[in-house]
Amino acid sequence: MLLDLLLEANISVSLEESIRSMSLSPEEDDIPWNDLRDNRDLTVLFNWDPKDRGISEEHRKLSLEEETIWLQIRSLTLRLVSGLPALGHNAHPKNSEKTTENGVSSKIDTIRALLQQLDAAVNSGKQFLEKKIQYPVLGPPPSRMAGFFSSGSCQCQTTLFYLVSEIYELDTNGLEDSTVIQERIGNSFKLLLQQLTDLFNKCKGDVLEVKGGSFTIHPDILENLVFFLETISIVLWVCSYSDAVLRPCRSNLQKKKKKKKESIAAMPPVFSSFQDYVSGLQTLTSNVIDHIKGLEVNLTALKLEELSIEDTLLSPEEKKFTKTALVKVQNSYQHSIQEIGELLKKRLESIKNLKV
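Residues numbered from 1 in each chain as written. Predicted model: local features only at pLDDT ≥ 70, side-chain atom pairs only at ≥ 80, totals over all residues. Heavy atoms only, no water.

## Quick word on the overall build of the chain
Point 1. On a plain count of helices and strands, the chain comes out with twelve helices and two strands.
Point 2. Listing the helices and strands of the chain from first to last along the sequence gives α-α-α-α-α-α-α-α-α-β-β-α-α-α.
Point 3. Within the chain, the proportion of its 356 residues that are buried is 44%.
Point 4. Contacts in the chain between residues at least 24 apart in sequence constitute 80% of all its contacts with a sequence separation of at least 6.
Point 5. Looking at the chain as shown, the accessible area adds up to about 19300 Å², and 51% of this sits on carbon and sulfur atoms. (Helix = DSSP H or I, 4+ residues; strand = E, 2+ residues; numbered from the N terminus. Buried < 20%, exposed > 50% of the residue type's maximum accessible area, 1.4 Å probe, protein only. Contact = heavy atoms within 4.5 Å. Areas by Shrake-Rupley, 256 points an atom, 1.4 Å probe, with all protein chains shown as cover.)

Here it is, written out as structure tokens:
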């Protein structure tokens, strides 16, 4: 479902419409965590001899534990995203009775509770990865959790959800006497741009390199690009919520000044912080799109059919098979990179519309 949101929300339909069509609710957890079973047949394609090189029962248990933690992180992320449209803008700041009556306060309480659960799941994942478990060469395959952490995507997404709580607090308390909250929000915007830049830096390089008669594949670069796309999508959804809160605040502030015939003084810093943030997002996303165009050009320029593999340990038949497999990898990577690029272009267009 998270993938479905990434592919359609704020592209073909709004995030709210996507969540409604999927019947998602941040309060509901429909996964039976205590009754999860591993239905994977990890021995269907191979059988090792000697037996000690095969998959042990311990490997199965560890793999199930890893997949469960990863599923928890993804499920909590989905539920946090599904709670964003319900927050909306509070038209009655500093009126706790009204917000409780409308159910808004319970929504932010749900978001904060889910965020605590996400922190716990992330810590569990980090503790699991610290074991540095090595599965047998043919399986079970590791989850994407290690890449999620090492790319920086996890840290960035967590910062985004904490930002939601800060924006809600500003919306509830109003702009008056909110210097501390505005400073925290401004610092979060700066931190997010740095985290996203660090994530982009881990997307640089070629996914497939050919030098002489040897070749190198870098699947981690493609995976990091996927994580960047996913994270920038969540960035956009949180930005949309921030925009929904800040735009009315600015409008009301301008009306008050006009009504009192006050001279136009400097706006509260949160508005300029948000504009700088959106501007930085546009620049960064444009740079990533340019990088992806470069990857496409480099992949297209590779003539793998003409590659002369110099590995003397391979037979002519094995070399032919290797080249055939490489061409398939090349075509697959080209398709994936093109799709990522197209989705990022659509995200960039949405980001350009965010101006308080």
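## Focus on the nonpolar core
Point 1. Counting 92 residues, the largest nonpolar core has L5, I73, F228, I232, Y277 and L344 as the members making the most contacts within it.
Point 2. Here this core gets 17 residues from one element, more than from any other, and that element is helix 10 (residues 219-259). (Core = buried A, V, L, I, M, F, W, Y, C linked by side-chain atoms within 4.5 Å.)

## Brief notes about the packing of helix 11 (residues 269-301) against helix 12 (residues 316-352)
Point 1. Where helix 11 contacts helix 12, the two axes come as close as 9 Å, and the packing angle between them is 160°. Considering their axes alone, helix 11 and helix 12 lie roughly antiparallel with respect to each other. Seen from above, helix 11 lies across helix 12 with left-handed handedness.
Point 2. In the contact of helix 11 with helix 12, the residues fall into 13 nonpolar, eight polar and four charged. (Axes fitted to C-alpha atoms, helices over the stretch in contact; angles between N-to-C directions. Parallel < 35°, antiparallel > 145°, perpendicular 65-115°, else oblique. Left-handed = near helix turned anticlockwise from the far one by under 90°. Nonpolar A, V, L, I, M, F, W, Y, C, P; charged D, E, K, R; others polar.)

## Structural notes on the environment of I31
Point 1. Locating I31 in the fold gives a position in the loop between helix 2 (15-21) and helix 3 (57-82).
Point 2. It is 8.7 Å that separates the C-alpha atoms of I31 and S75, two residues lying 44 residues apart in sequence.
Point 3. Setting aside residues up to four positions removed in sequence, I31 forms contacts with L36, L71 and S75.

## Notes on helix 8 (residues 153-173)
Point 1. End to end, helix 8 covers 31 Å across 21 residues, agreeing with the expected 30 Å (1.5 Å per residue, within 8%).
Point 2. Here helix 8 lies mainly inside the structure; 17 of its 21 residues are buried.
Point 3. Count one or two residues on from helix 8 and you reach G174, which has phi positive near 85°. (Expected span 1.5 Å × (residues − 1).)

## Remarks on the packing of aromatic side chains
Point 1. Considering all chains together, one arrives at five aromatic pairs under this definition.
Point 2. Plain terms: the ring middles of W70 and F148 are 5.3 Å apart, the flat faces sit at 65° to each other, and that makes the pair edge-to-face. Highlighted residues: W70 in helix 3 and F148 in helix 7 (residues 145-150), separated in sequence by 78 residues. Across the pair, F148 and W70 agree in class, each one buried.
Point 3. Taking 6.0 Å as the distance between ring centres and 40° as the angle between the ring planes, the aromatic pair formed by F148 and F149 counts as tilted.
Point 4. For F149, a relative accessible area of 11% translates into the label buried.
Point 5. Ring pairing ties together the aromatic residues W70, F148, F149 and F227, which thus form one cluster.
Point 6. Lying across the ring of F200, K204 places its NZ or CZ 4.9 Å from the centre. (Phe/Tyr/Trp six-rings, centres within 6.5 Å; stacked < 30°, edge-to-face > 60°. Lys NZ or Arg CZ within 6 Å of the ring centre and 35° of its normal.)

## Some words on the confidence of the model for the chain
Point 1. Within the chain, residue pLDDT values average 85, and 86% of them lie at 70 or more.
Point 2. Every residue in residues 95-99 scores below 50 in pLDDT, and together they form five contacts with partners more than four places removed in sequence or on other chains. (pLDDT = per-residue confidence, 0-100.)

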